[in-house]
Amino acid sequence: METTLVILKPSAVLHGYVGQIVQRFQQKGLVIRGMKMMQLGEPILREHYAHLTDRPFFPDLLKSMMASPVIVMALWGNDAVNVVRMMTGATNGRKAQPGTIRGDFSVSGQENIVHASDSADNAEIELKRFFSPDEIFDYQPSWLKYTYEPAEMK
Ligand code: IDP
Ligand code: MG
């Protein structure tokens, strides 16, 4: 089992899509182990998007990510990083498959509704970036036994 980081971006918050997107993750069987609203600022975004700071669209990306508070989520499950990336879809909403979050809620490369960690290593780094340890809760809802076979619960 692993935990991954999701950010519901201002494009989700300002459209009022938070509930629908949270519902998708819960319906899939992911456990919400942390969730809060926060206003992101330039320093944390420069760190989070360090791989993009040289790109021409970076100033617009910064503005877009600071346009409103965001919701950050810690989602727990078997292979959660890959499961959530599959649910998220391709970066550009116009290229994302229908049925994915970006495919169903976005027509943009930038305003693409969600961020999701892209590897287990990055998930660990990103969870620490947005959550303190006491904001992540270690609990197991009773429905897990109908969600996974025992061998999958590791
Ligand atoms: P990802 O979010 O699918 O992992 P990254 O390449 O890590 O994609 O880019 C981070 C974010 O930067 C994207 O989600 C999107 O908001 C923005 N972005 C990436 N590429 C472009 C682009 O070509 N134009 C505008 N915004 C972009
Ligand atoms: Mg990325």
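Refer to the structure presented above.
Residues numbered from 1 in each chain as written. Chains lettered and ligands numbered in written order. Predicted model: local features only at pLDDT ≥ 70, side-chain atom pairs only at ≥ 80, totals over all residues. Heavy atoms only, no water.

1. Section: the packing of aromatic side chains
Note on aromatic pairs: each is described by the distance of the centres and the angle between the planes. Counted according to the given criterion, the structure contains one aromatic pair. When the ring centre of Trp 76 is taken as origin, the NZ or CZ atom of Arg 33, which lies over that ring, is 3.9 Å away. (Phe/Tyr/Trp six-rings, centres within 6.5 Å; stacked < 30°, edge-to-face > 60°. Lys NZ or Arg CZ within 6 Å of the ring centre and 35° of its normal.)

2. Quick notes on the pattern of salt bridges
Any two side chains of opposite charge can pair, on the condition that their charged atoms come close. Tallied over the full model, the rule gives six salt bridges. Two residues, Asp 138 and Arg 33, come together in a salt bridge whose shortest N-O distance is 3.0 Å. You can see Asp 138 sitting in the loop between helix H7 (120-130) and helix H8 (144-147) and its partner Arg 33 sitting in strand E2 (residues 31-38), a full 105 residues away along the chain. Note on Asp 138: relative accessible area 68%, which makes it exposed. Between Glu 124 and Lys 128 there is a salt bridge, with its nearest N and O atoms 4.0 Å apart. You can see Glu 124 and its partner Lys 128 sitting in helix H7, four residues apart, about one turn around the helix. Residue class for Glu 124 comes out partly exposed when judged on its relative accessible area of 49%. (Salt bridge = Lys/Arg side-chain N within 4 Å of Asp/Glu carboxyl O. Helix = DSSP H or I, 4+ residues; strand = E, 2+ residues; numbered from the N terminus. Buried < 20%, exposed > 50% of the residue type's maximum accessible area, 1.4 Å probe, protein only.)

3. Thoughts on the environment of Val 83
Tracing the backbone shows Val 83 in helix H5 (residues 80-88). In this structure the C-alpha to C-alpha distance between Val 83 and Pro 56, which are 27 residues apart in sequence, comes to 31 Å.

4. Topic: helix H2 (residues 18-28)
Residue pairs spaced three or four apart in an α-helix point in one direction, given the helix's 3.6 residues per turn. If you check which residues of H2 are buried, you get Ile 21, Val 22 and Phe 25. Along the long axis of H2, the arc covered by the buried residues comes to 100°, so they all point the same way. Once H2 finishes, Gly 29 follows within two positions and takes phi at roughly 115°, a positive value. (Arc of directions from axis to C-beta.)

5. Structural notes on the site of ligand 1
Near ligand 1 you find Lys 9, Tyr 49, His 51, Leu 52, Phe 57, Leu 61, Arg 85, Thr 91, Arg 102, Gly 109, Gln 110 and Asn 112, and these make up its full shell. Here Arg 85 contributes a side-chain N or O atom positioned 2.9 Å from an oxygen atom of ligand 1. Here an oxygen atom of ligand 1 sits 2.5 Å away from a polar atom, N or O, in the side chain of Thr 91. Protein contacts shield 76% of the accessible area of ligand 1, which totals 520 Å² for the unbound molecule. Here ligand 1 occupies the largest pocket. Here the shell around ligand 1 is composed, by residue class, of four nonpolar, five polar and three charged. (Near = heavy atom within 4 Å. Polar contact = N/O pair within 3.5 Å; in protein donor to acceptor, adjacent residues only side chain to side chain. Areas by Shrake-Rupley, 256 points an atom, 1.4 Å probe, with all protein chains shown as cover. 1 Å grid on protein atoms, 1.4 Å probe; cavity = no way out; pocket = protein on both sides within 12 Å on 5 of 7 lines; lining within 4 Å. Sits in = over half its atoms within 2 Å of the grid points. Nonpolar A, V, L, I, M, F, W, Y, C, P; charged D, E, K, R; others polar.)

6. Observations concerning unusual backbone geometry
If you check the backbone angles, Asp 79 has positive phi at about 55° while not being a glycine. Relative to the elements of secondary structure, Asp 79 occurs in the loop between strand E3 (70-77) and H5. Residue class for Asp 79 comes out partly exposed when judged on its relative accessible area of 37%. Positive phi outside glycine occurs at Ile 113, with the angle close to 75°. Locating Ile 113 in the fold gives a position in the loop between helix H6 (101-105) and strand E4 (114-116).

7. Some details on the pairing of E3
Extensive coverage of E3 is indicated by the burial of eight of its eight residues. On E3, burial covers both faces: Val 70, Val 72, Ala 74 and Trp 76 on one face and Ile 71, Met 73, Leu 75 and Gly 77 on the other are all buried. Here seven bridges tie strand E1 (residues 2-8) to E3, and the two strands are oriented antiparallel to one another. Residue Thr 3 lies in a different strand from E3, and its bridge partner there is Trp 76. (Pairing = 2+ DSSP bridges.)

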